[in-house]
Every structure is written in structure tokens, then in C-alpha cells.
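# Coordinate analysis (summary)
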Amino acid sequence: MLIKRPSDIRPSQITPEAVFHNRRQVLAAAGFAGAGLLAASLAQADDIPARYRRLPGVKRSTLSVRDAPNTFEDITHYNNFYEFGLDKGDPAEYSDDFRPKPWTVTIDGEAEVKGQFSLEDLLKPHPLEERVYRFRCVEAWSMVIPWVGFPLADLVKRLRPTSRAKYVAFETVVRPKEMPGQRSRTLDWPYVEGLTIAEATHPLALLAVGVYGVELPNQNGAPLRLVTPWKYGFKSIKSIVRISFTEKQPRTTWSAAAPDEYGFYANVNPKVDHPRWSQATERRIGSAFFSPKQPTLPFNGYAEQVASLYTGLDLARNF
Ligand code: MTE
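Residues numbered from 1 in each chain as written. Predicted model: local features only at pLDDT ≥ 70, side-chain atom pairs only at ≥ 80, totals over all residues. Heavy atoms only, no water.

### Brief notes about the overall build of the protein chain
Secondary structure assignment for the protein chain yields 10 helices and 13 strands. Evaluated residue by residue, the protein chain yields a buried proportion of 55% over its 319 residues. Considering only contacts in the protein chain between residues 6 or more positions apart, those separated by 24 or more positions represent 74%. For the protein chain, the exposed surface amounts to about 14600 Å²; the carbon and sulfur share of it is 54%. (Helix = DSSP H or I, 4+ residues; strand = E, 2+ residues; numbered from the N terminus. Buried < 20%, exposed > 50% of the residue type's maximum accessible area, 1.4 Å probe, protein only. Contact = heavy atoms within 4.5 Å. Areas by Shrake-Rupley, 256 points an atom, 1.4 Å probe, with all protein chains shown as cover.)

### Comments concerning the environment of Thr-296
By secondary structure assignment, the location of Thr-296 is in the loop between β13 (294-295) and α10 (303-306). Residue classification places Thr-296 among the buried residues on the basis of a relative accessible area of 5%. Each C-alpha atom, one on Thr-296 and one on Glu-282, is 5.9 Å from the other, the two residues being 14 residues apart in sequence. Apart from the residues within four sequence positions on either side, Thr-296 is in contact with Arg-136, Val-268, Pro-270, Gln-279, Ala-280, Thr-281 and Glu-282. Among the polar contacts listed, one links the side chain of Thr-296 to the side chain of Arg-136, at a separation of 3.0 Å. (Polar contact = N/O pair within 3.5 Å; in protein donor to acceptor, adjacent residues only side chain to side chain.)

### Overview of helix α7 (residues 152-159)
Taken residue by residue, α7 has Leu-152, Ala-153, Leu-155, Val-156 and Leu-159 as its buried positions. Projection of α7 onto a plane perpendicular to its axis shows the buried side chains occupying an angular sector of 160°, all on one side. At the C-terminal side of α7, Arg-160 shows a positive phi close to 50°. (Arc of directions from axis to C-beta.)

### A closer look at the site of the ligand
Lining the immediate surroundings of the ligand are 17 residues, of which Asn-79, Tyr-82, Glu-83, Arg-225 and Lys-238 lie closest. Between the ligand and Tyr-82, the relevant distance is 2.8 Å, taken from an oxygen atom to a main-chain nitrogen or oxygen of the residue. For the ligand, an oxygen atom lies 2.7 Å from a polar atom in the side chain of Lys-238. Protein chains shield 99% of the accessible area of the ligand, which is 530 Å² for the free molecule. Spatially, the ligand is embedded in the largest cavity. A class-by-class count of the residues in the shell around the ligand yields eight nonpolar, six polar and three charged. (Near = heavy atom within 4 Å. 1 Å grid on protein atoms, 1.4 Å probe; cavity = no way out; pocket = protein on both sides within 12 Å on 5 of 7 lines; lining within 4 Å. Sits in = over half its atoms within 2 Å of the grid points. Nonpolar A, V, L, I, M, F, W, Y, C, P; charged D, E, K, R; others polar.)

### Section: empty space enclosed by the protein
This model, assessed by the stated rule, comprises one cavity of 30 Å³ or more. Put simply, the largest cavity is a space of about 310 Å³. Lining the largest cavity are 25 residues, and of these Asn-80, Phe-81, Arg-225, Gly-233 and Lys-238 sit closest to its centre. It is strand β5 (residues 141-151) that provides the largest number of residues to the lining of the largest cavity, a total of four residues. Partitioning the lining of the largest cavity into residue classes produces 16 nonpolar, six polar and three charged. (Points joined across faces, edges and corners; volume = space filled by probe spheres on them.)

### Considering the nonpolar core
Ranked by size, the top nonpolar core spans 87 residues in total, and within it Trp-147, Leu-152, Phe-170, Leu-224, Phe-234 and Phe-245 carry the most contacts. With seven residues, β5 is the largest single contributor of residues to this core. When residues no more than four places from it in sequence are discounted, the contact partners of Phe-234 are Met-1, Val-138, Tyr-191, Glu-193, Trp-254, Tyr-262, Gly-263 and Ala-266. (Core = buried A, V, L, I, M, F, W, Y, C linked by side-chain atoms within 4.5 Å.)

Rendered as C-alpha cells:
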């Protein structure tokens, strides 16, 4: 996102290199999203390797979109996770040594409930649901992903933020021995992100622990990541080890690294171009190579649900 100068960016890094002509995507490209089928059951994929543990008791959610999901292969092999390298295939290739178990999350700052929690204890009260969400990267590509997780709002409520808490900050684990990308200073580790309390308690904000009904693969942010579908993908911080409630707007990795290019809000907005490329359209990963780019929707198609969070805010300045 930052490291490469405009002239270094090959179109193939923004548009998909491989096109997968499987049945689902050919149908999707032809306009048959199979929505009825998807609405009736959890998203199915026939390309999930057996080593991934299936998550029990997952219910489907009415907040899912009806678009046909990308394949498991697309979702797990076209990734941004700079802790494992800069290329889209690096996270899948170099994350085998990463150990997401056991996992501890620290809760601190302006909340009544604080401390260190095992992931199991943190998750225990929360029923898991599948949310099929559109996912739009700031690099102008997109996917549709059947996440498994639970509303961030439910966790925030349990932690009882004080009246001084205005933001929620998130931090990714630092483990250079397991994350080869962290051995060089491509970014200022740890990767950090943040939301306003209103955003964090919006029903669409999800803490994800799985995809396609199985535990999150390492390259997708195992064992716990954020998903905010109306925002550019860089907000969806992976492998979270700390959640802090703060009075002041927290520092976020990309807005600190390149403040002219990436903001704190990062709401998907086709009217505000990135300084180096247009945000008006997007390439759906896995779509047939001859299919045109599709228009990018305000708030990634979630405007009806989230636009009111930003009433009175100049979204061109607060990008
Ligand atoms: N989280 C961490 N810790 N490190 C990263 O490099 N990349 C972000 C986001 N979360 C990133 C991260 C970006 S730019 C995107 S687009 C999404 O993760 C990609 O998620 P995916 O690989 O599961 O599609």
C-alpha cells in the first residue's frame, strides 16, 4: 500500500493475477448469485483443506449479503498481512510457523473489566454466527467473504467502558520469530488500528474467528481479527492481542505511515480517490478476466446502515 511508488505498481498487483473459473464464479459472473441457496444454509465451499477445524454451532445471520462468496482459495491466497511479507501470496506461504494457540488478549484503558483473558474465556459467552460481507481493499480490489464471528458490540458491552471511553484501539501480536515480515521495519510494529465507540458498537462490526465455517487460517488473522465491512480492508486488523478503551483518537498504522493517503475513518468512498488511483471502481477477485470493473458503492454498499454514524462529518476531509 505504501511501500511501492506509483510507477512500481504493476496492474497485476491491483487486479487479480489468476482467474479461477469454478462453477460458482462463472454463475456469479453470469448474474446468478445463487442467493436463495445461500440464504437457506451456511456458505459451502468444496475447496477447504481437511486440516482446518470446523467451528461448532454457527448460525447464519440476517446481516449477510446475497452476493456469491469468493472461493476459500481466493480468500486464503490473496492476502495483505505485512507481518508475513508484502506480496499477496506471502501470508499463505510464510505463516505455517505461526502459532495462534494458546492465545491471550489484554483488555485495558477506560473500562471496568480489564485484564488478560484467554481467547476461550473471551469467546465463551458469544454465540458464533456467519456473516457474508463484502470486503473492499483500499487498493481497489474486492471479495465477498463468509466470516464466522460475533458482534464486537457484545464484547464492548461486557467490558463496560467508562464514560471517558471515546475510542477502541486494537493491536496485533509481535512475534518476529514466527512472522518473518516483522524482522524488517516495513511498518512500525505492532500493527495498530482503532474505531470510535459508536463504530465499535455498530451491529455490523464483527470480531471474526473463522471463515467458511472453519477456524481462521493464519494468513487471514488467526485466531481473532476485526471486520468492519463499510471501511477499507486495512481497518480490519488481524491477530489481535490487545483491545484498549481510550479517550483520545488512537494512532493507526497506515494513517501514521502515510497520512496523506490513509485516514483514521477509511470509510469506503467512491468519490474520494486515493492520491495514486481512483476509488470509483473495483476489481472483484476471481471474476472472469473479461468482466468489467464494478462500481464501488458508498460505504461499500452499507450506507443505509452506517451513514448516520457520520452525520455532520466532512467525509472528504475525514477520509
Ligand atoms: N492486519 C495486520 N496486522 N497486518 C496487515 O498487514 N493488512 C490489512 C488488514 N489487516 C493487515 C492487517 C489490509 S491492507 C487488508 S486489505 C486486510 O487485512 C486483508 O485481509 P485478508 O488478507 O484476510 O483479505
